[in-house]
Amino acid sequence: MRVTYLLLTFLLGNFAAETAFMAEQKKFDRVRAAIIEKSQIIQQKLHSNGLEIDDLNLVFVAYKDCGELEVYGKKTTETTYKKIDTYKIRARSGKLGPKRMEGDFQTPEGIYYIDTFNPTSQYHLSLGINYPNQADRKKSTEKKLGGDIYIHGSNVTVGCLPMTDDKIKELYLYAINAKNDGQTKIPVYIFPYKMTDIHFDLYKLKYADNPELVAFWSNLKVGYDKFMNDKQELAYTVDKSGNYNF
């Protein structure tokens, strides 16, 4: 026990002043194990990008079609993000297109943020996403939209974004440290694919018989282009039809 405590103290030596949130997280075995196993790894990744664990804001960007989740970071006093790493999403349920109801097996598409940190998840560790958001509620006519959408471990999914248990440790540590550094809402942007002009034109042709879906993607592409061009957190409102205004 004494050795474990000293090792944790050494690994956390450069972290920001500990908040009540971080103190609570560190009570759990899986979080403590992730700190011991992964702290040096994520700090090295941050250092190579001119960032520090005790001065960190994040944006997660996920792409359903290619199964990738990109991690962007910046200092808390900066406005521009840079890409830190890319993680493989290990499984996908449903098809391309947004989630509109409970039980449709869909992974959401849209602009979200992390609203839950679960250190005792049945999928090792998990980060909850605020689906359904305001746009989802306005776009759907269903009474039950579903919920419980997570970035988690264990390689399985029904609408979530699953990682391996090994990689969720890194993502979880990034996230709890960003929150410890004062980031109350870590953005999670979920796109159907990398919405470059070329890809968008191809998918627009492929789904030409579904104009509602193409219109939804056209709206999302505005946000995609803005983030990729500016590398800044997206500011937006949602109109009465559920469209994002960036």
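Structure first, text after, so check above.
Participant: Which residues make up the overall build of the protein, and what values go with them?
Facilitator: What the protein contains, in helices and strands, is seven helices and ten strands. Dimensions of the protein, computed from the C-alpha atoms along their principal axes, are close to 65 × 35 × 30 Å. Within the protein, the proportion of its 246 residues that are buried is 49%. In the protein, 63% of the contacts between residues at least 6 apart in sequence involve partners at least 24 apart. Just so you have it, the protein exposes about 11800 Å², and 51% of that area is on carbon and sulfur atoms. Taking the average location of the 34 positive side-chain charges in the protein and that of its 31 negative ones, the two points are 2 Å from each other.

Participant: Residues and numbers for the sheet that holds strand β6 (residues 149-152), please.
Facilitator: Spatially, eight strands are ordered β3-β2-β1-β8-β4-β5-β6-β7 in an open sheet, and the strand pairing comes out mixed. Each end of this open sheet is capped by a strand with a single partner; those strands are β3 (82-88) and β7 (161-162). Judged from the six bridges that link them, strand β2 (residues 68-74) and β3 form a sheet pairing that is antiparallel. The residue of β3 that forms the bridge with Gly 73 is Lys 82.

Participant: Hey, could you go over the environment of Pro 187 for me, with residue numbers and the actual values?
Facilitator: Inspection of the secondary structure assignment puts Pro 187 in strand β8 (residues 187-191). Sequence spacing of Pro 187 and Val 59 is 128 residues, and the spatial spacing of their C-alpha atoms is 5.0 Å. Those residues in contact with Pro 187, other than ones at most four positions away along the chain, are Leu 58, Val 59, Phe 60, Tyr 112, Tyr 113 and Glu 233.

Participant: Lay out the state of the cysteines with the relevant residues and their values.
Facilitator: One pass over the structure, following the stated rule, counts zero disulfides. Free cysteine Cys 66: the closest other cysteine sulfur is in Cys 160, separated by 18 Å. A residue is classified by how much of its surface remains accessible, and Cys 160, at 8% relative accessible area, is buried.

Participant: Can you tell me about the pairing of β8, naming the residues and giving the values?
Facilitator: A large share of β8 lies buried, amounting to five of its five residues. Burial along β8 is two-sided: Pro 187, Tyr 189 and Phe 191 and Val 188 and Ile 190, pointing in opposite directions, are all buried. For strand β1 (residues 57-63) and β8, the ladder comprises four bridges, and the chain directions are parallel. Pairing of Ala 62 across the sheet is with Ile 190, part of β8. Here four bridges tie strand β4 (residues 110-118) to β8, and the two strands are oriented antiparallel to one another. When the sheet's bridge partners are listed, Gly 110 is paired in β8 with Ile 190.

Participant: Tell me what's going on with the packing of helix α6 (residues 197-206) against helix α7 (residues 211-230), and back it up with residues and numbers.
Facilitator: Packing of α6 against α7 leaves a shortest axis separation of 11 Å and a crossing angle of 170°. Relative to α7, α6 is oriented roughly antiparallel. Of the residues in α7, those in contact with Asp 197, Phe 200, Tyr 203 and Lys 204 of α6 are Val 214, Trp 217, Ser 218 and Lys 221.

Participant: Describe the nonpolar core, naming the residues involved and giving the relevant values.
Facilitator: In terms of nonpolar packing, the biggest core is built from 40 residues, with Leu 58, Phe 60, Leu 69, Ile 151 and Leu 171 touching the most fellow members. With eight residues, helix α5 (residues 165-180) is the largest single contributor of residues to this core. Not counting the four nearest positions on each side in its chain, Ile 151 is found in contact with Phe 60, Leu 69, Leu 125, Ser 126, Leu 127, Ile 129, Leu 161, Met 163, Ile 168 and Leu 171.

Participant: Residue-level account of the pairing of β6, with values.
Facilitator: Where burial is concerned, the two faces of β6 agree: the one with Ile 149 and Ile 151 and the one with Tyr 150 and His 152 are both buried. Pairing of strand β5 (residues 126-129) with β6 involves four bridges; the strand directions are antiparallel. Each residue of the ladder has a partner; that of Ser 126, found in β6, is His 152.

Participant: Go over the pattern of salt bridges with me, naming the residues and quoting the values.
Facilitator: With the rule as written, the count across this model stands at 20 salt bridges. Here Lys 26 makes a salt bridge to Glu 18, at a shortest N to O gap of 2.4 Å. Across the pair Lys 204 and Asp 201 runs a salt bridge whose closest N-O atoms are separated by 3.9 Å. Here Lys 204 pairs with Asp 201, and both are found in helix α6, just three residues apart, close to one helical turn. The structure contains a network of salt bridges with shared partners spanning Lys 38, Lys 45, Asp 85, Asp 166, Lys 167 and Glu 170.

Rules behind the numbers
- Residues numbered from 1 in each chain as written.
- Predicted model: local features only at pLDDT ≥ 70, side-chain atom pairs only at ≥ 80, totals over all residues.
- Heavy atoms only, no water.
- Helix = DSSP H or I, 4+ residues; strand = E, 2+ residues; numbered from the N terminus.
- Buried < 20%, exposed > 50% of the residue type's maximum accessible area, 1.4 Å probe, protein only.
- Contact = heavy atoms within 4.5 Å.
- Areas by Shrake-Rupley, 256 points an atom, 1.4 Å probe, with all protein chains shown as cover.
- Lys, Arg positive; Asp, Glu negative; His and termini not counted.
- Charge placed at Lys NZ, Arg CZ, Asp CG, Glu CD.
- Pairing = 2+ DSSP bridges.
- Disulfide = S-S within 2.5 Å.
- Axes fitted to C-alpha atoms, helices over the stretch in contact; angles between N-to-C directions.
- Parallel < 35°, antiparallel > 145°, perpendicular 65-115°, else oblique.
- Core = buried A, V, L, I, M, F, W, Y, C linked by side-chain atoms within 4.5 Å.
- Salt bridge = Lys/Arg side-chain N within 4 Å of Asp/Glu carboxyl O.

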